Amino acid sequence: MWTPRVTANSPRISIGLGRQLGPWLGVAPFFVFAALFLVLPTGLLLVGAFQNSDGHFTLQNIANLARADIIKSFWLSIKISAASAIGGAIIGFALAYAAINGGLPKWIRPTLMTFSGVASNFAGVPLAFSFIATLGRLGLVTVFLNNIFGFNIYSAGFNLLDFWGLTLTYLYFQIPLMVLILTPAIDGLKKEWREASATLGSSTWQHWRYITLPVLWPSLAGSTLLLFANAFGAVATAFALTNSSLNIVPILLFAQIRGDVLHDPNLGYALALGMVLITGLSNVLYIMLRARGERWQK
Amino acid sequence: MTKKIVSWIAFLFGALYFLLPLIATFEFSLRLKRNEYSFEAYRIVFADSTFQAAFLYSLVLAFVTIVIGILIVVPTAYWVQLRLPKLRPIVEFITLLPLVIPAIIIVFGYIRMYNTSSILPLTQTSIGTDTLLSLGYVALALPYMYRAVETGLRTIDVATLTEASESLGAGWVTTMWKVILPNIKSAILSGAFLTFATVIGEFTFASLLNRPTFGPYLQLIGAKRAYEPAALAVITFLITWACMGLIQLAGNTRKIAGDKS
C-alpha cells in the first residue's frame, strides 16, 4: 500500500537506465565467454590450416592431407563411425519401437529411457574398461564361450582392439543415444494411421513401406548422421581401449597435439579442419532433416 | 502376436547387450585375489592417494564449472526470454557448437590461442591452466546447462515475476537472485548434475592440458593394472547413475510443486 508512493521518484532514473543497459550487460558475459572459449580458439585453429610456418596464406596444408597415412586414418575413422552409426541406428530404432509400439509391458518404456540416459553418458575411459572385462582376452564372455562351447573368439579372428571391437564398444553409447533422439519421432506416429491403413486392407509390410518409413525416414537418416558425428569426434574410448594402436583421425590428432608426430604443425591444423568439416556437415544435415521430420510431430 | 514376439526379442537382445558388460565388469573387479571373490581391488583404489587427489581435483573442477556455468547461462537465458528474443537463434546456435565441434578440436584451439608466447598465456601457470580447463568445461557443458535453464524459464511467467519484483523496487541483480533463481531451482539442478556427469571423468581436455584429474588417472591405471580399472569403471558407472537419478528427482519435485499450485 505504501511502497508505490515512497519509491516512485528515486529509482525511476536508475530503472530507466537499467532497462536500456541491463539486458545487454546481462548477456555480455555470455558473448565474451563464447568468443574467447569457443569461437576464437576454433576459428584461429582453422585459419592455421591455411597458413604456412611464416603465417602466409597457402593451400599446401590441405594438399598435404592427401598423404597416404592421413587418408588411411580418415578412411578408418569414417568406416568405424559409419558402422557404429548405422548399427546404432538400426538397433536403437528396433529397441525404441519395441518399447513404444510393440505391446510390451508398460514399465519397459520408462526403464529403457532412464537407462539410455545413463548409458549414453557412460562413454570414455570407463567404457573401454568395461569392454576389456567383457570381450578382452580374459573377459567374462570370452572365457565363458571358451569354457562352455570350446569356442575361442580370438582364434576365430575377433580382436577387441581393432575395427569390430571398437565398433561394438561405440554401440554401447550409440544405441541409447538413438533411442533418446528417435523416441519423439516414434511417438509422432498416430494410431489412426494404423487403423486407417488396416481398414483399407493393407498388410503389415505395406503399412511399413508406405506409411511408417516415409514418415520416419528424415528422423532416421538425421539421427544416423548425428550418431556418425558423435563417433567421429570421440577420443577417450578409443585411446583407452587401443592405446593409440588404431590410427583413427582423433587419435592421430591427439598424438599430433602431444608431440607433433606429423612433423608439421600446420598439417595438424589442416587435420583439425578436416574433422570439423565432417562433423559440421553431418550436424547441418541432421538439423535440416530433423526440421523435416518434425512436421509430423505436431 | 508376431509383433509381440519380435518386440520381446528386440528387448531381450538389448538387455543382454547392455547388461552383460556391466555384469562382466563387476565380476572382473572382484577377481583380484586368486580363487575367491573379494573387494580387494576397490580397497586398493580407495586407499590410493593418487586416486583421492585426482578425484578431489575433479570434484572441485566440476563444482567451479557448475558455478561459472550458472552465472553465465542464467542471466543470458533470462534476458533472451524477457527482452532480447531476437538474440535467441544466435544464442541457441552458440550453445549447440560444443556438440558440433569435437572436444579435441576445442582444446587444440586453446593450446594454440593461450600458449606461453601468446597475449594471454594461460597455459604458462598451473592456476592459469586450471582456469582454462574449467572454462573449457563450462563450454563443453553449455548445451546441457542452457537447455535445462531455458526449459525451466519457459515453465514460469518471467515477465510477471520481473514486473512484480521491480515494482517493489528491486534491481535486476536482486530480481535474478531472489526471484528467478529460486523459481527455476530444479531446472538448474538438473543442468548441474548433467554438467557434473560430463566433467567428472572427462579425459581429452584434462589430458592435453596436462592436468592430473580423474579422467587421465583412469587412463593411467588402465594402462598399468588389471583389476583396478574394472573397479573404477563400476565406481564411475555408479556416479553417472546417481547423477541421472538426481536429475529425475529434481524433475519430480518440480512436477510435485507444479501440482500444488
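About the thresholds
- Residues numbered from 1 in each chain as written.
- Chains lettered and ligands numbered in written order.
- Predicted model: local features only at pLDDT ≥ 70, side-chain atom pairs only at ≥ 80, totals over all residues.
- Heavy atoms only, no water.
- 1 Å grid on protein atoms, 1.4 Å probe; cavity = no way out; pocket = protein on both sides within 12 Å on 5 of 7 lines; lining within 4 Å.
- Points joined across faces, edges and corners; volume = space filled by probe spheres on them.
- Helix = DSSP H or I, 4+ residues; strand = E, 2+ residues; numbered from the N terminus.
- Nonpolar A, V, L, I, M, F, W, Y, C, P; charged D, E, K, R; others polar.
- Buried < 20%, exposed > 50% of the residue type's maximum accessible area, 1.4 Å probe, protein only.
- Contact = heavy atoms within 4.5 Å.
- Buried area = accessible area lost by both parts, 1.4 Å probe.
- Salt bridge = Lys/Arg side-chain N within 4 Å of Asp/Glu carboxyl O.
- Axes fitted to C-alpha atoms, helices over the stretch in contact; angles between N-to-C directions.
- Left-handed = near helix turned anticlockwise from the far one by under 90°.
- Patch = residues over 30% accessible without salt bridge, like charges linked within 9 Å, V, L, I, M, F, W, Y side chains within 5 Å.
- Areas by Shrake-Rupley, 256 points an atom, 1.4 Å probe, with all protein chains shown as cover.
- Lys, Arg positive; Asp, Glu negative; His and termini not counted.
- Charge placed at Lys NZ, Arg CZ, Asp CG, Glu CD.
- Parallel < 35°, antiparallel > 145°, perpendicular 65-115°, else oblique.
- pLDDT = per-residue confidence, 0-100.

Asker: Looking at this model, I keep getting lost on empty space enclosed by the protein. Mind explaining?
Answerer: Rolled over the atoms, a probe with the dimensions of a water molecule shows which regions are left empty. Residue and element names in this part refer to chain A. In this structure the tally under the stated criterion is two cavities of 30 Å³ or more. Taken as a whole, the second largest cavity spans an internal volume of roughly 30 Å³. Forming the boundary of the second largest cavity are Ser77, Ile80, Ser81, Tyr170, Ala231, Phe232, Ile248 and Pro250. Broken down by secondary-structure element, the contributors of at least two residues to the lining of the second largest cavity are helix H4 (68-101) and helix H10 (204-232). Sort the elements by how many residues they give to the lining of the second largest cavity and H4 lands first, with three residues. Residue classes in the lining of the second largest cavity are distributed as six nonpolar, two polar and no charged.

Asker: What should I look at first to understand the environment of Arg137(A) in this one?
Answerer: Residue and element names in this part refer to chain A. Relative to the helices and strands, Arg137 is located in the loop between helix H6 (125-135) and helix H7 (140-149). What makes Arg137 exposed here is its relative accessible area of 59%. Sequence separation between Arg137 and Ile248 is 111 residues; the distance between their C-alpha atoms is 23 Å. In this structure, Arg137 is in contact with Thr142, Val143 and Tyr154, ignoring residues within four places of it in sequence.

Asker: Explain H6(A) here, please?
Answerer: For H6(A), the tally of buried residues reaches ten of eleven residues, placing the bulk of the element in the interior. Restricting attention to buried positions, one finds in H6(A) the residues Val125(A), Pro126(A), Leu127(A), Ala128(A), Phe129(A), Ser130(A), Phe131(A), Ala133(A), Thr134(A) and Leu135(A).

Asker: So what exactly am I meant to see when it comes to the interface of chain B and chain A here?
Answerer: Think of interface size as the accessible area that goes away when the parts come together; that is how it is often given. Counting residues at the interface gives 71 residues for chain B, matched by 74 residues for chain A. Between chain B and chain A, a total of about 6900 Å² is buried, with carbon and sulfur atoms accounting for 80% of that surface. The largest per-residue losses of area from chain B upon contact with chain A belong to Phe18(B), Phe108(B) and Arg112(B), which jointly make up 11% of the total buried on that side. Here chain B and chain A share zero salt bridges between them.

Asker: What is the right way to look at the layout of surface pockets in this model?
Answerer: A volume near 660 Å³ is recorded for the second largest pocket. Along its surface, the second largest pocket is lined by 22 residues, and Tyr97(A), Asn101(A), Gly102(A), Trp208(A) and Lys3(B) are the ones closest to its centre. Looking at the lining of the second largest pocket, the elements with two or more residues in it are H4, helix H8 (163-187), helix H9 (191-199) and H10 of chain A together with helix H1 (2-29) of chain B. Split by residue class, the lining of the second largest pocket holds ten nonpolar, seven polar and five charged.

Asker: Got a minute to help me understand helix H12 (residues 249-259) of chain A in this structure?
Answerer: Two residues of an α-helix separated by three or four positions point the same way, owing to the 3.6 residues in each turn. Where burial is concerned, most of H12(A) is hidden: eight out of the eleven residues are buried. Looking only at H12(A), the buried set comprises Val249(A), Pro250(A), Ile251(A), Leu252(A), Leu253(A), Phe254(A), Gln256(A) and Ile257(A). Summarising the contacts, the buried residues of H12(A) are in contact with H4, H10, helix H11 (236-242) and helix H13 (265-293) of chain A together with helix H5 (103-113) and helix H10 (204-208) of chain B. Residue Asp260(A) follows H12(A) closely and has a positive phi angle near 50°.

Asker: Would you explain the packing of H9(A) against H10(A) in this entry?
Answerer: Residues and elements named next belong to chain A. Packing of H9 against H10 brings their axes to within 10 Å, and their N-to-C directions diverge by 140°. For the crossing formed where H9 meets H10, the hand is right-handed. On H10, the residues that touch Trp193, Arg194 and Ser197 of H9 are Thr204, His207, Ile211 and Val215. The class makeup of the residues in the contact of H9 with H10 is three nonpolar, three polar and one charged.

Asker: Teacher, can you tell me more about a nonpolar patch on the surface here?
Answerer: Together, Leu56(B), Leu59(B), Val60(B), Phe63(B), Val64(B), Val67(B) and Leu71(B) make up a nonpolar patch on the protein surface, roughly 630 Å² of accessible area in all. Among the secondary structure elements, Val64(B) is positioned in helix H3 (residues 49-82).

Asker: Just to check I follow, could you spell out a positive patch on the surface for this structure?
Answerer: Judged by side-chain charge, Lys106(A), Lys191(A), Arg194(A) and Lys3(B) come together as a positively charged surface patch. Its location among the elements puts Lys191(A) in helix H9.

Asker: Would you mind going over the pattern of salt bridges with me for this structure?
Answerer: As a working rule, side chains carrying opposite charge can pair if their charged atoms are close by. Residue and element names in this part refer to chain B. A full pass over the atoms with the stated rule returns eight salt bridges over all chains. Ionic pairing is found between Glu27 and Arg31, a salt bridge with its closest N-O pair at 3.1 Å. Put simply, Arg43 and Glu40 hold a salt bridge, and the shortest N to O gap is 2.9 Å. With a gap of three residues between them, Arg43 and Glu40 both fall in helix H2 (residues 40-47), about one helical turn apart. Residue classification places Glu40 among the buried residues on the basis of a relative accessible area of 17%.

Asker: Sorry if this is basic, but what is going on with the packing of H4(A) against H1(B) here?
Answerer: Two quantities define a packed helix pair, namely the angle between the helix axes and the distance between the axes. Put simply, H4(A) and H1(B) touch, their axes get as near as 9 Å, and they point 125° apart. With respect to each other, H4(A) and H1(B) are oriented oblique. In this structure, H4(A) crosses over H1(B), and the sense of that crossing is left-handed. In this structure, H4(A) contributes Ile91(A), Ala94(A), Leu95(A), Ala98(A) and Asn101(A) to the contact, and H1(B) contributes Lys3(B), Ser7(B), Ala10(B), Phe11(B), Phe13(B), Gly14(B) and Phe18(B). Residues of the contact of H4(A) with H1(B), tallied by class, amount to eight nonpolar, three polar and one charged.

Asker: What is the right way to read the confidence of the model for chain A from this model?
Answerer: Interpreting fine coordinate detail is not advised for predicted regions of low pLDDT. On average, chain A scores 87 in pLDDT, and the residues at 70 or more come to 93%. Long-range and interchain partners of residues 1-13 of chain A, a stretch whose pLDDT sits below 50, account for zero contacts in this model, where long-range means more than four residues apart.

Asker: I'm lost on the environment of Phe151(A) in this one. Help?
Answerer: Mapped onto the elements of the fold, Phe151(A) is located in the loop between H7 and H8. Ignoring any residue separated from it by four or fewer positions in sequence, one finds Phe151(A) in contact with Leu145(A), Asn146(A) and Ala156(A).

Asker: Quick question: what am I supposed to make of the environment of Leu218(B) here?
Answerer: Inspection of the secondary structure assignment puts Leu218(B) in helix H11 (residues 214-224). Owing to a relative accessible area of 0%, Leu218(B) belongs among the buried residues under this scheme. Look past the residues within four positions of Leu218(B) in its chain and what remains in contact with it is Val125(A), Pro126(A), Phe129(A), Leu232(B) and Thr236(B).

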